[in-house]
Amino acid sequence: MNNNTKTPITGAEILMESLKAQGVKTIFGYPGGSIMPVYDALYDYTQGEKKAFEHILVRHEQGATHAAEGYARVSGEVGTVIVTSGPGVTNTLTGIADAMIDSTPIVVIAGQVGTPVLGTDAFQEVDLITVSQPICKWVYQIRRPEDIPWAVSKAYYLARTGRPGPVVLDFPKNAQTEKAVYEEQTVNFIRSYIAFPQPKESELKAAAELINNAKKPLALIGQGVELGCAQEELKTFLEKADIPAGRTMLGLSALSSNHPLNVGMLGMHGNLAPNLKQQEADVVVAIGMRFSDRVTGNLKTYLKQAKIIHLDIDNAEINKNVHTDVAIVANCKDSLPLLTELVNKASHKEWIESFKPLNEREKKRVIEKATHPEEGPLLMGEVVNAVAEATKGMSVTVTDVGQNQLFATRYSKYNTPRSIITSGGLGTMGFGLPAAIGATFAEKERPVCVFMGDGGLQMSIQEFGTIMENQCPVKMILLNNNFLGNVRQWQNMFFKKRYAFTHMLNPKYEQICAAYGIAYQCVSDRKDLAAAVEKMLATKGPFMLEAVIKEEDDVMPMTPPGASVDDMMLEKEAKNG
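In what follows, the accompanying structure is described. Fair warning: this is a prediction, and the values are worked out from it, not measured in the lab.

### Focus on the overall build of the protein chain
Now for step 1: Of regular secondary structure, the protein chain possesses 24 helices and 20 strands.
Now for step 2: Relative to its length of 577 residues, the protein chain is compact, with a C-alpha radius of gyration of 24 Å against a globular reference of 25 Å.
Now for step 3: Taken along its principal axes, the extent of the C-alpha atoms in the protein chain is 70 × 65 × 40 Å.
Now for step 4: Classification of the 577 residues of the protein chain by burial places 59% in the buried group.
Now for step 5: For the protein chain, long-range pairs separated by at least 24 residues make up 77% of all intrachain contacts whose partners lie at least 6 apart in sequence.
Now for step 6: Carbon and sulfur atoms make up 51% of the accessible area of the protein chain, which amounts to about 23,200 Å² in all.
Now for step 7: Here the protein chain carries 58 positive and 65 negative side-chain charges, and the mean point of each set is 3 Å from the other.

And the structure:
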């Protein structure tokens, strides 16, 4: 369609043209009554001369949002969702909240009842503005077709700029059917919204002075580095200042696993060395991370000895949880090169070497036992390790939530940016499978491997239908221990082994996979593991590898909830050391 046409077209067609103008290629969605005019228009834009979009029909609207998140996290683009009103859009709220706390750019476009009946409790009417406002960057109700180009442009501008996040457009049915002349609009400025804050020279100099005088500096790397596409800038900074770096769960692929300055994963189930050694650091440089409680432990004892430099694009994160001595509010892709210019070429060999005894201690007492056991049932760690070795750290690692997430993030390897997709802040069970589906539409070269527990899989198992219809090449690794494993571990450690409703009776996954035409293999003996992983990766299209896991396998080390990071337990029986 010619964008310069003066012929009035429907609001639904204007939406299609507006999405084209934003560069949208892939849409995840589910039709329904209040969004039918949009789907009628979409029909023409998915085939023939007008073809502009690929529409992926999910099996549940929550799956659409998680798929859009997976797509966005791998591609760096905005994920797009179209659903209907009422239960259609309320089903997306978990995904919207997940995207908000994990800074994932998605736009959810939801049908709504016509404006003449708004507020009358019409069929499938929900007050979406009130419901979604606390969990998104912006929500707007489009009441006139002529407002669509502006609203769509603003939505995508807000979703992708500043600290990325979800935006919701409420689209009454009459605005979809009424006509107006389409005129493309571009929103690239919003008064009072600072999309690209610039670092202050005084703060850069103050930070550089602290770093240049530091004896034991440590960098804490978060997802902000990935969101800002600042992986190379980070590496240049760390190497010049010779600063060891710990990574948050969402920041794992911001720095390659094999980089010599990478000292491991931060957090409750992270690596021993970075968690303990941060309590010795004299200067901590936090880059694109938000000091989550799962990283800090008890704030009363956290980093009290250190001067803290915080680089973040969102001013709201500064001093929110941890007192900051120097704040640099900007995209780290902009601020890191300026800071790098001011820091001295340094060497902190003795400080970096001091991490190694703790690494060796964890390796001998935890890692080797988890990844290379000599006897007994299969362990989650060894299954993850087998996949990591087979893919040579080049896959996209997707996880659900629970023990599968913690083992997968700990023992996967990350040698390529944007290689970790997991639900961090919200901890959404059921996230993994649809997120992996979305990732396959963004990443065509590398394998997408999703690790799931039996609990999380059954929260989104209906998306097998999406996989079947699209032949999504998702490599599914089901770590099946017949438990809600992470809750079971806490019940074991803190609730006197009172396993209240965490044991699960599971279906026969082989039969379910057969019904959906998904290749399947079950492995329970470690001598068969390597061959099973090789077969999974060699199979074109989707594949489920079900691993029968030890029922009471625990993720260690662990900082007990509410405890100081100094109290991180290497083993369950060694709570005080």
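### Observations concerning the pattern of salt bridges
Now for step 1: Within the structure shown, the criterion is met by 22 salt bridges.
Now for step 2: The salt bridge involving Arg163 is made with Glu317; its shortest N-O contact spans 2.6 Å. Of this pair, Arg163 sits in the loop between helix H7 (148-160) and strand S7 (166-172) while Glu317 sits in the loop between strand S13 (307-312) and strand S14 (326-329), placing them 154 residues apart in sequence.
Now for step 3: Across the pair Glu353 and Lys356 runs a salt bridge, and its minimum N-O distance is 3.0 Å.
Now for step 4: Here Glu353 falls in the partly exposed class, since its relative accessible area comes to 36%.
Now for step 5: Each member of the salt-bridge network shares a partner with another, and the members are Arg163, Asp314, Glu317 and Lys320.

### Quick look at the nonpolar core
Now for step 1: Ranked by size, the top nonpolar core spans 51 residues in total, and within it Leu220, Phe291, Tyr302, Phe451, Ile477 and Leu479 carry the most contacts.
Now for step 2: Residue contacts for Phe451: discarding those within four places in its chain leaves Val384, Val387, Thr397, Val398, Thr399, Asp400, Asn404, Ala408, Ser412, Ile477 and Leu479.
Now for step 3: Membership of the second largest hydrophobic core comes to 47 residues, among which are Val108, Ala110, Leu128 and Ile437.

### So, the sheet that holds strand S20 (residues 543-548)
Now for step 1: Taken in spatial order, the six strands make up an open sheet running S16-S15-S17-S18-S20-S19, and their pairing is parallel. Looking along the sheet, the strands with just one partner apiece sit at the ends: strand S16 (420-421) and strand S19 (519-523).
Now for step 2: Relative to S16, strand S15 (residues 396-399) runs parallel, the two being bridged by two bridges. Note that in S16 the partner of Val398 across the bridge is Ile421.

### Re the side chain of Thr84
Now for step 1: Along the chain, Thr84 falls in the loop between strand S4 (79-83) and helix H4 (87-90).
Now for step 2: One polar contact links the side chain of Thr84 to the main-chain amide nitrogen of Ser34, over a distance of 3.1 Å.

### So, the pairing of S13
Looking down a regular strand, the side chains alternate between one sheet face and the other.
Now for step 1: In terms of burial, S13 is a largely internal element, five of the six residues being buried.
Now for step 2: Note that strand S12 (residues 283-287) and S13 share five bridges and pair parallel. If you follow Ala286 over to S13, its bridge partner there is His310.

### Observations concerning the sheet that holds strand S11 (residues 262-265)
Now for step 1: What the six strands build is an open sheet, ordered S11-S10-S9-S12-S13-S14; its pairing is parallel. The open sheet has two edge strands with one neighbour each: S11 and S14. Direction aside, neighbouring strands of the sheet carry axes that sit 15° apart on average.
Now for step 2: Relative to strand S10 (residues 245-247), strand S9 (residues 217-221) runs parallel, the two being bridged by three bridges. In the sheet register, Leu220 faces S10, and the bridge partner there is Gly246.
Now for step 3: Sheet strands touched by helix H9 (residues 201-212): S12, S13 and S14. Its angle to S14, the strand with the most contacts, is close to 130°.

### Structural notes on the environment of Ala519
Now for step 1: Checked against the element boundaries, Ala519 lands in strand S19.
Now for step 2: Look at Ala519 and you get partly exposed, because its relative accessible area is 29%.
Now for step 3: Taking the C-alpha atoms as reference points, Ala519 and Phe123, separated by 396 residues in sequence, lie 42 Å from one another.

### Concerning the state of the cysteines
Now for step 1: According to the stated counting rule, one finds zero disulfides in the structure shown.
Now for step 2: Here Cys449 stays free of any disulfide, with the sulfur of Cys472 as its closest cysteine sulfur at 14 Å.
Now for step 3: Since its relative accessible area comes to 0%, Cys449 is described here as buried.
Now for step 4: There is no disulfide at Cys522, and the cysteine sulfur nearest it, in Cys513, is 11 Å away.
Now for step 5: Relative accessible area serves as the criterion here: at 37%, Cys522 is assigned to the partly exposed category.

### Looking at helix H19 (residues 432-442)
Now for step 1: Burial within H19 is extensive, with 10 of its 11 residues counted as buried.
Now for step 2: Taken residue by residue, H19 has Gly432, Leu433, Pro434, Ala435, Ala436, Ile437, Gly438, Ala439, Thr440 and Phe441 as its buried positions.

### Examining helix H5 (residues 93-101)
Each full turn of the α-helix corresponds to 3.6 residues, which orients residues three or four apart in the same direction.
Now for step 1: Every buried residue of H5 is accounted for by Leu93, Gly95, Ile96, Ala97, Asp98 and Ala99.
Now for step 2: Buried positions along H5 lie against helix H3 (61-75), H4, strand S5 (106-112), helix H6 (128-132) and S7.
Now for step 3: Positioned one or two residues after H5, Ser103 has a phi angle of 55°, which is positive.

### Brief notes about the environment of Leu338
Now for step 1: By the element assignment, Leu338 lies in helix H14 (residues 332-342).
Now for step 2: Overall, the relative accessible area of 35% leaves Leu338 in the partly exposed class.
Now for step 3: Each C-alpha atom of the pair Leu338 and Lys205 lies 9.5 Å from the other, and the pair is 133 residues apart in sequence.
Now for step 4: When sequence neighbours within four positions are dropped, the list of residues in contact with Leu338 reads Pro199 and Leu204.

### Topic: the packing of aromatic side chains
Now for step 1: Tallied over the entire structure, the rule returns 13 aromatic pairs.
Now for step 2: Their ring planes at 90° and their centres at 5.9 Å tell us that Trp138 and Trp150 sit as a pair that is edge-to-face. Of the two residues, Trp138 sits in strand S6 (residues 138-141) while Trp150 sits in helix H7, which places them 12 residues apart along the sequence.
Now for step 3: On the accessibility criterion, Trp138 (15% relative accessible area) is buried.
Now for step 4: You can call Trp150 partly exposed: its relative accessible area is 27%.
Now for step 5: Measuring from ring centre to ring centre gives 5.6 Å for Phe483 and Tyr499, while their planes differ by 75°; the resulting arrangement is edge-to-face. Taken as a pair, Phe483 in the loop between strand S18 (474-480) and helix H22 (485-494) and Tyr499 in the loop between H22 and helix H23 (509-515) lie far apart in primary sequence, 16 residues in all.
Now for step 6: On the accessibility criterion, Phe483 (6% relative accessible area) is buried.

About the thresholds
- Every chain begins its residue count from 1, and numbering advances along the sequence as written.
- This being a predicted model, a pLDDT of at least 70 is required before a residue's local features are given, and a value of 80 or more before pairs of side-chain atoms are given or counted; all residues contribute to the totals for chains, interfaces and linings.
- Only hydrogens and water are set aside; all other atoms, that is, all heavy atoms of the structure, feed into the side-chain values.
- Numbering of helices and strands runs from the N terminus, with a helix taken as a DSSP run of H or I at least four residues long and a strand as a DSSP run of E at least two residues long.
- The size measure is the radius of gyration over C-alpha atoms, and the globule rule it meets is 2.2 Å times the number of residues to the 0.38 power.
- For each residue, the accessible area found with a 1.4 Å probe, counting protein chains only, is set against the maximum for its type, and the residue is called buried under 20%, exposed over 50%, and partly exposed in between.
- For this analysis, residues touch if any pair of their heavy atoms sits within 4.5 Å.
- Surface accessibility follows the Shrake-Rupley procedure with a 1.4 Å probe radius. Residue values consider only the protein chains on display as shielding.
- For the charge count, each Lys or Arg is scored as positive and each Asp or Glu as negative, with His and the chain ends excluded.
- Where a charge lies is defined by one atom per residue type, namely NZ (Lys), CZ (Arg), CG (Asp) and CD (Glu).
- Note on definitions: salt bridges are taken to be side-chain nitrogens of Lys or Arg within 4 Å of carboxyl oxygens of Asp or Glu.
- Buried residues of nine kinds, namely Ala, Val, Leu, Ile, Met, Phe, Trp, Tyr and Cys, make up a nonpolar core once their side-chain atoms join them within 4.5 Å.
- Note on pairing: two strands pair once DSSP finds at least 2 bridges between them.
- Here a polar contact is recorded for every N or O atom pair within 3.5 Å, except that within protein the pair must consist of a potential hydrogen donor and a potential acceptor, and residues adjacent in sequence are included only if both atoms are side-chain atoms.
- Structural elements are reduced to axes, namely lines fitted to C-alpha atoms, with helices fitted over the stretch in contact, and the angle between N-to-C directions of any two is expressed from 0 to 180 degrees.
- Note on terminology: pairs of cysteine sulfur atoms within 2.5 Å are recorded as disulfides.
- Pairing of aromatic side chains here covers Phe, Tyr and the six-membered ring of Trp, requires ring centres within 6.5 Å, and sorts the geometry by plane angle: under 30 degrees stacked, over 60 edge-to-face, intermediate tilted.

Taken by themselves, the reported measurements are silent on function.
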